[in-house]
Protein chains: 2
Amino acid sequence: MGGFDEVESYPVLPSKNVEGVCKFEACDVGMVMDLPEGPLGEERKKATFDWKLMRLNVEEPSYLRVKLAIWSFLESDPLFHSQPTVLSSEEEKRITAKQLMRIRESKFFNDVNGVSYDKKLLYLMALNEAVNTLSPSLSVKFALGVSLFSICVQNLGTERHSSFIKDVWQNKILACVAVTEVAHGSDTKSLQTTATYDHNTKEFIINTPCFKAAKCWVGNLGKQCTHALLFAQLVVGKQCHGLHVFIVPIRDPYTMHPYPGIIVGDMGDKAGLNGIDNGFIMFRKYRIPKDYLLNRTGDITPSGEYESLFQNPQQILGAALETLSAGRIGIMQESVCSLSVATVIAIRYSGVRTQFSNDNKTETSLLDYQLQQWRLFPFLAAAYAQRAFVRKFVLIYADTVRFSMNANEDTIKTVSQMVSAVHAIVCCCKALLTWTCRDAVQECREACGGHGYHKAARLGDIRANHDPCVTYEGANHVLLQQTSRWLLRAVDEVPDLDFDSARFPASELEFLRNFESNLSLKFSANSVNEVLRVDFLIEAYQWLLCWLIKETKQRLASSLDDGENAFMAKNNVQVFYAQTLSLAFAENTVLNYFAASIQEADLSLRPVLAKLHILYGLTCIQKHLRVFYEGGYASGPSLSKLTSEAILEVCQLLRPDAVALADAFAPPDFILNSVLGFADGEVYKHLEEAYTQHGGIAERPVWWSEIAMKSKL
Amino acid sequence: MGGFDEVESYPVLPSKNVEGVCKFEACDVGMVMDLPEGPLGEERKKATFDWKLMRLNVEEPSYLRVKLAIWSFLESDPLFHSQPTVLSSEEEKRITAKQLMRIRESKFFNDVNGVSYDKKLLYLMALNEAVNTLSPSLSVKFALGVSLFSICVQNLGTERHSSFIKDVWQNKILACVAVTEVAHGSDTKSLQTTATYDHNTKEFIINTPCFKAAKCWVGNLGKQCTHALLFAQLVVGKQCHGLHVFIVPIRDPYTMHPYPGIIVGDMGDKAGLNGIDNGFIMFRKYRIPKDYLLNRTGDITPSGEYESLFQNPQQILGAALETLSAGRIGIMQESVCSLSVATVIAIRYSGVRTQFSNDNKTETSLLDYQLQQWRLFPFLAAAYAQRAFVRKFVLIYADTVRFSMNANEDTIKTVSQMVSAVHAIVCCCKALLTWTCRDAVQECREACGGHGYHKAARLGDIRANHDPCVTYEGANHVLLQQTSRWLLRAVDEVPDLDFDSARFPASELEFLRNFESNLSLKFSANSVNEVLRVDFLIEAYQWLLCWLIKETKQRLASSLDDGENAFMAKNNVQVFYAQTLSLAFAENTVLNYFAASIQEADLSLRPVLAKLHILYGLTCIQKHLRVFYEGGYASGPSLSKLTSEAILEVCQLLRPDAVALADAFAPPDFILNSVLGFADGEVYKHLEEAYTQHGGIAERPVWWSEIAMKSKL
């Protein structure tokens, strides 16, 4: 098993340059509670590592402490206890609205504005993650209504808007963010809502020309918000100056009546997240004061002219970056949480459930089936890899924003590179992580058999609530185009990249350094052991990324040569090339960050982490066999055969550690909230509770007479 | 485009041997209604074929007539009109229970028992499909409560049970089928519910030893059924004679009170299908009369002994076959319907929606994006292929049952072969079809962007309701093992197979005929055109299936040689080999049936059908690249490169026909029930209705005071 002995040689990647990676102290172990005895006890004894050490390895201890505090707060209040039955969506909205009020009033925000920018960011992200694990509706409502709103106003507004930030943190107002229109989503340039300046009254007149331009899908708008952050085309005279952002009053906070001049309502039910009051709105020449324009990038002069204010480009870059990326990074965190929760449920259930027998005596544990291992362990590995990635990347993100905000003429070029890189990495990783979670939840649901379909298993709700993540805050397919465009540009800029400074994103683009020689790499392994190595993963991705860049460029060029216009030429290299490139880049980035984090882990944890790393890497590589053969990296049977065998071998090696690996990122039972996945492993006891702890199970239904036979005669 | 000109050379497969494939008459065209004018008009003009002819090609006209009649009946009754909002599951159960009563009382069952066995079967399947398209909960309740129950009693019972059949068709009783227990599903041999014979009273004592042996997931049991078809271990004296089936009274049909001696209740909510009252039940030494044993395969003698009655093995085979397979064939039909509905929604939406512009004037139709074509068209092709397969296979199934029921000593060996083949094909195709539908619904949901997440788009409900199909009536992963076992056996029986009689399953196993020479086939194409051919698909699958059989056998043998026991050895060849074999066999079977149906289609339809056939085939083949390279069928880049290019080329060729192809299997709007997919293409008009046609959208919520600020002071 060559690969696993060599964890010392794991490449040290981005973390070198980032402050804030904390090591845990011995005293931290105390906050990780023992797990209850039960049917999973034997499984836990098989583990080759200390799960409590692992718990502190997968999560920053100071943020774990925050999360534990929030979870305990939620459990202590009946308002946050879930209902066993499907609620009407009106009732779900009411409860979520009340929960939002309760959490806003909690102690968790007392000092939130008294700390530094990045401490606040990381704290809010930990909080968001903690709340999201229990209730995605609630965390989305809070994020849109409070944090994203205040970030946007802070970054795009000026001093005159500071009262809005104060009010939203003091629970006097609640916001929403209105961008998408009925007929335009990804193509924001084509949005049709206008804000026309009226110099006589010093007001903007907001107008919606038709239903297709109604703002829609706006969370908090349907029932509850008082203000909207509105994206609209700014018009002065007859000239349109493009999208700008406005604060628009929606409802009287005391009566909750919408103001005249707008048609606002709830959009109706969705496939999930029905605790959120997604709304639509149409403006009929609705007037707001001139000062409600967020005027950092442009403003109306006292004489009524439009004036662009681009004297501080680096600040603008930073602001734009934050506004765009913060939400997507939040989604990545939430995806990793959902992925983890689903994996915990399926692995613990598989550790308890037995089926079929070899000797007609002892039934076989589901975890002993090759098929079950292969279905679940790659997602366990993905959860570890992606969690490590997000944890490190958040720090790089905070670092980049800080750096960009203090930029000067000397650093502006570096800032610009960093900002583009953050955007490109967020785009492809948001797609990779949300799709991984989607696939994992479905596989976990199926791997739990029929019981996985029970509402009390929670997997159905996780699936329904996670689902919008693949299309909101940028549809995945569209986001991936941003990354490939950046990569195609980056390869031309290689000579300008300062790899040696090791400043972000140098290590992420390391594979470009030897572009030509990477292209001539060939797969040469002859044994499974040669494939079970980090070196192999690195080399395979070096070739893969370079070849996909080269091929995408060539196809683009030849399409243009054939007379295709640039727009269609770009569209016609997406399938199999540009899109694959972006996803492969995301995988490679995740793998590298994970590798770096293994390097920092306690020595006793590295062997099992190395197995997870290899398994995640090989699973990704297997998905690209098409490319490896098409591009000539491999030709004979070896690559296909050896990766398959290696995957099965690592799965088997991970078998004894599976339950402990799940334990190490499992939230407390109240938060996990699945009868199949509770820590005590008493699956059948909890199923019995689920069958019997709901209304009138053994009585005839109150509507019995509607279905009974009518007479004995 | 070599392949598409050669539709004449499509191999003629199973349909040769089956009666009942009807051709439509000119007068049938009249029942296909014109589609309304609207934004899709231009798209429809692009089609290269007559969609009404295609409508009658994809569906047996006589059954289409039945379906249209049922759909019209459903639309005419307000009880079947859906609610725009999420209902409490109690309310959903009440409405579905009432719908079930209404439909049982309808004219559609007046003559159902007056026709021949296979006419009845096909009629009930058409009816099930029609109802399922509107409401899966309702069709499942009917199937379990009436059709499956009556089929089982007819096949496993004797004359003494005929009153139950009469009663269930006369709406005097309603049944459920109780097999699965809390701790045992797929492993039916380990079920623990017992029926112990008491000769003193001539009764069976039904007992549930513990909660783990409670019957669960039983549809209709939670609230509504009066009788259960119970699978329990028959015990006489101290001896257990294995699983037998009993009719067990559950509730008084007049009062709906459960009888004493049982604990029965609703299981609680699920991730979908909440119109079904899935229940659990535990028996406390509950007594039923001796005659309630379905006694065709075994009975209690007058002296109180158990007697096995296997004097009529071919009848038993037929009965067992029907009981096992009818439900799974129903699921295949339902999957094809859900797949079709999802595809219609996404394709019509994509034909209306435009986004981004090349020239800043005309926005681009989503259907013009390579990415959108590649995401949707393979599922359109799968819908055509799988629909053609199910339509033909149902006839073979009916034929096999009929043949087996009239079997004699001369035909018993053939019957046995046919019965095993039906079982093996149903197992793998149930898995293939339900997984295809699962993936298609998800892709369609994402391809509709954010709007795909609205409840009124219906894709979320389709996903949630289809989901259990992958684990109920046999978990897919377990079913696939049945097929691979049969194939591994079949290859040894090749010398005994009478290929020339062309009796089922000869053509399905045709690829075994030249087993050794198939193994030496090599991919040799040098151009896209050589890949766009039926010959290529046939050859590739011949190699693929033979190689997977050979490899699975070898790995099994070498595992046994290494000292592994048979049970684990079998488990350890599932991933990448046995399971892949079963799925590939299912794909090949679907492709062959589809090819045969193209051969029977109107000449004007064959070119477009041939494109769909090739696209479905290439999409499947691309998923097996791993195997093609591992086994040495291909080595250089060509296979990978040419299949990719060919897929994109066929997608582009299908572009003009996409909307008309969707129209050709779209149900009426009332049944389709999706604002994104209505035939008029007025997506935005219907979205506006969805936003505004639900309760109190523009009012403040009735609970406004709970979230308002408390005072102006």
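Computed from a predicted model, the values in this text were never measured in an experiment.

Parameters at a glance
- Residues numbered from 1 in each chain as written.
- Chains lettered and ligands numbered in written order.
- Predicted model: local features only at pLDDT ≥ 70, side-chain atom pairs only at ≥ 80, totals over all residues.
- Heavy atoms only, no water.
- Pairing = 2+ DSSP bridges.
- Helix = DSSP H or I, 4+ residues; strand = E, 2+ residues; numbered from the N terminus.
- Buried < 20%, exposed > 50% of the residue type's maximum accessible area, 1.4 Å probe, protein only.
- UniProt positions renumbered as here; feature names shortened; annotations may be inferred.
- Contact = heavy atoms within 4.5 Å.
- Phe/Tyr/Trp six-rings, centres within 6.5 Å; stacked < 30°, edge-to-face > 60°.
- Lys NZ or Arg CZ within 6 Å of the ring centre and 35° of its normal.
- Axes fitted to C-alpha atoms, helices over the stretch in contact; angles between N-to-C directions.
- Polar contact = N/O pair within 3.5 Å; in protein donor to acceptor, adjacent residues only side chain to side chain.
- Nonpolar A, V, L, I, M, F, W, Y, C, P; charged D, E, K, R; others polar.
- Salt bridge = Lys/Arg side-chain N within 4 Å of Asp/Glu carboxyl O.

### Looking at the pairing of strand β3 (residues 203–207) of chain B
Residues and elements named next belong to chain B.
Phase 1 of the analysis: Pairing of strand β2 (residues 194–198) with β3 involves five bridges; the strand directions are antiparallel. Each bridged residue has a counterpart across the sheet, and for Thr196 the counterpart in β3 is Ile205.
Phase 2 of the analysis: Hairpin connection of β2 to β3: four residues between the antiparallel strands, including Lys202 at a positive phi of 55 degrees.
Phase 3 of the analysis: Pairing between β3 and strand β9 (residues 286–289): four bridges, direction antiparallel. Each bridged residue has a counterpart across the sheet, and for Phe204 the counterpart in β9 is Ile288.

### With respect to unusual backbone geometry
Most peptide bonds are trans, and most residues other than glycine sit at a negative phi.
Phase 1 of the analysis: With a phi angle near 60 degrees, Lys202 of chain A is a residue other than glycine that sits in the positive phi range.
Phase 2 of the analysis: Of note, Lys202 of chain A is situated in the loop between β2 (194–198) and β3 (203–207).
Phase 3 of the analysis: Its identity is not glycine, yet Arg458 of chain B carries a phi of approximately 75 degrees, on the positive side.
Phase 4 of the analysis: Considering the arrangement of structural elements, one finds Arg458 of chain B in the loop between α10 (412–447) and α11 (459–466).
Phase 5 of the analysis: A relative accessible area of 10% means that Arg458 of chain B is categorised as buried.

### Re the UniProt feature "active site" (unreviewed entry) in chain A
Residue and element names in this part refer to chain A.
Phase 1 of the analysis: This chain's UniProt record puts "active site" (unreviewed entry) on Glu473.
Phase 2 of the analysis: Judged by relative accessible area, Glu473 falls into the partly exposed class, the value being 35%.
Phase 3 of the analysis: Setting aside anything within four residues of it in sequence, one finds Glu473 in contact with Leu324, Gly327, Arg328, Ile331, Lys430 and Leu479.

### Description of the UniProt feature "binding site: FAD" (unreviewed entry) in chain A
Residues and elements named next belong to chain A.
Phase 1 of the analysis: Feature annotation in UniProt places "binding site: FAD" (unreviewed entry) on Thr180 and Gly219, given in this structure's numbering. These annotated residues cover 40 residues of sequence, and their C-alpha atoms all fall within 11.2 Å of one another, placing them together at a single site.
Phase 2 of the analysis: Position of Thr180 among the secondary structure elements: in the loop between β1 (175–178) and β2.
Phase 3 of the analysis: Setting aside its immediate chain neighbours within four residues, Thr180 contacts Gly185, Ala214, Lys215 and Cys216.
Phase 4 of the analysis: Relative to the helices and strands, Gly219 is located in the loop between β4 (215–218) and β5 (227–236).
Phase 5 of the analysis: Residues contacting Gly219, with those up to four places away along its chain left out, are Leu144, Cys176, Ile276, Asp277 and Asn278.

### With respect to the packing of aromatic side chains
The way to describe two aromatic rings as a pair is by their centre distance and the angle between their planes.
Phase 1 of the analysis: This structure, assessed with the given rule, holds 55 aromatic pairs over all chains.
Phase 2 of the analysis: Between Trp374 of chain A and Phe576 of chain B the ring centres are 5.6 Å apart and the planes differ by 70 degrees, which places this aromatic pair in the edge-to-face class. Of this pair, Trp374 of chain A sits in helix α9 (residues 370–405) while Phe576 of chain B sits in helix α17 (residues 574–600), placing the two residues on different chains.
Phase 3 of the analysis: Ring geometry for Phe389 of chain B and Phe393 of chain B: centres 5.4 Å apart, planes at 25 degrees, overall stacked. Remark: Phe393 of chain B and Phe389 of chain B occur in helix α9 (residues 370–405); sequence separation between them is four residues, near one turn of the helix.
Phase 4 of the analysis: Judged by its relative accessible area of 1%, Phe393 of chain B falls in the buried class.
Phase 5 of the analysis: Site record: aromatic cluster; members linked through ring pairs are Phe523, Phe536, Trp543, Trp547, Phe628 and Tyr633 of chain A.
Phase 6 of the analysis: Here the guanidinium or amino end of Arg700 of chain B rests over the ring plane of Trp704 of chain B, the centre of that ring lying 3.8 Å away.

### Here's the deal with the sheet that holds strand β7 (residues 262–266) of chain A
Sheet strands pair by backbone hydrogen bonding; their relative direction is either parallel or antiparallel.
Residues and elements named next belong to chain A.
Phase 1 of the analysis: Read across the open sheet, the three strands follow the order β4-β8-β7; overall the sheet is antiparallel. What marks the edges here is a single partner per strand, and that holds for β4 and β7. Neighbour-to-neighbour, the strand axes of the sheet open up by a mean angle of 15 degrees, direction not taken into account.
Phase 2 of the analysis: Judged from the five bridges that link them, β7 and strand β8 (residues 279–283) form a sheet pairing that is antiparallel. By the bridge assignment for β8, Ile263 is matched with Met282.

### Focus on the interface of chain B and chain A
Phase 1 of the analysis: Taken together, the contact between chain B and chain A spans 125 residues of the former and 125 residues of the latter.
Phase 2 of the analysis: On the surface where chain B and chain A come into contact, there are 69 residue pairs in polar contact (both at pLDDT 80 or more).
Phase 3 of the analysis: Taken together, the residues of the side of chain B that touches chain A break down into 49 nonpolar, 44 polar and 32 charged.

### Here's the deal with the pattern of salt bridges
Residues and elements named next belong to chain A.
Phase 1 of the analysis: Tallied over the entire structure, the rule returns 78 salt bridges over all chains.
Phase 2 of the analysis: Put simply, Glu203 and Arg287 hold a salt bridge, and the shortest N to O gap is 2.7 Å. Taken together, the residues span a long stretch of sequence, with Glu203 in strand β3 and Arg287 in strand β9 (residues 286–289) at a distance of 84 residues.
Phase 3 of the analysis: The partly exposed category is assigned to Glu203, whose relative accessible area is 22%.
Phase 4 of the analysis: For Arg287, a relative accessible area of 39% gives the class partly exposed.
Phase 5 of the analysis: The partner of Arg348 in a salt bridge is Asp663, and the shortest N-O contact between them spans 2.9 Å. Remark: Asp663 occurs in helix α21 (residues 658–663) and Arg348 occurs in helix α8 (residues 313–352); sequence separation between them is 315 residues. The pair formed by Arg348 and Asp663 is uniform in burial state, with each residue classed as buried.
Phase 6 of the analysis: Members of the salt-bridge network, linked through shared partners, are Arg55, Glu59, Lys67, Glu129 and Arg387.

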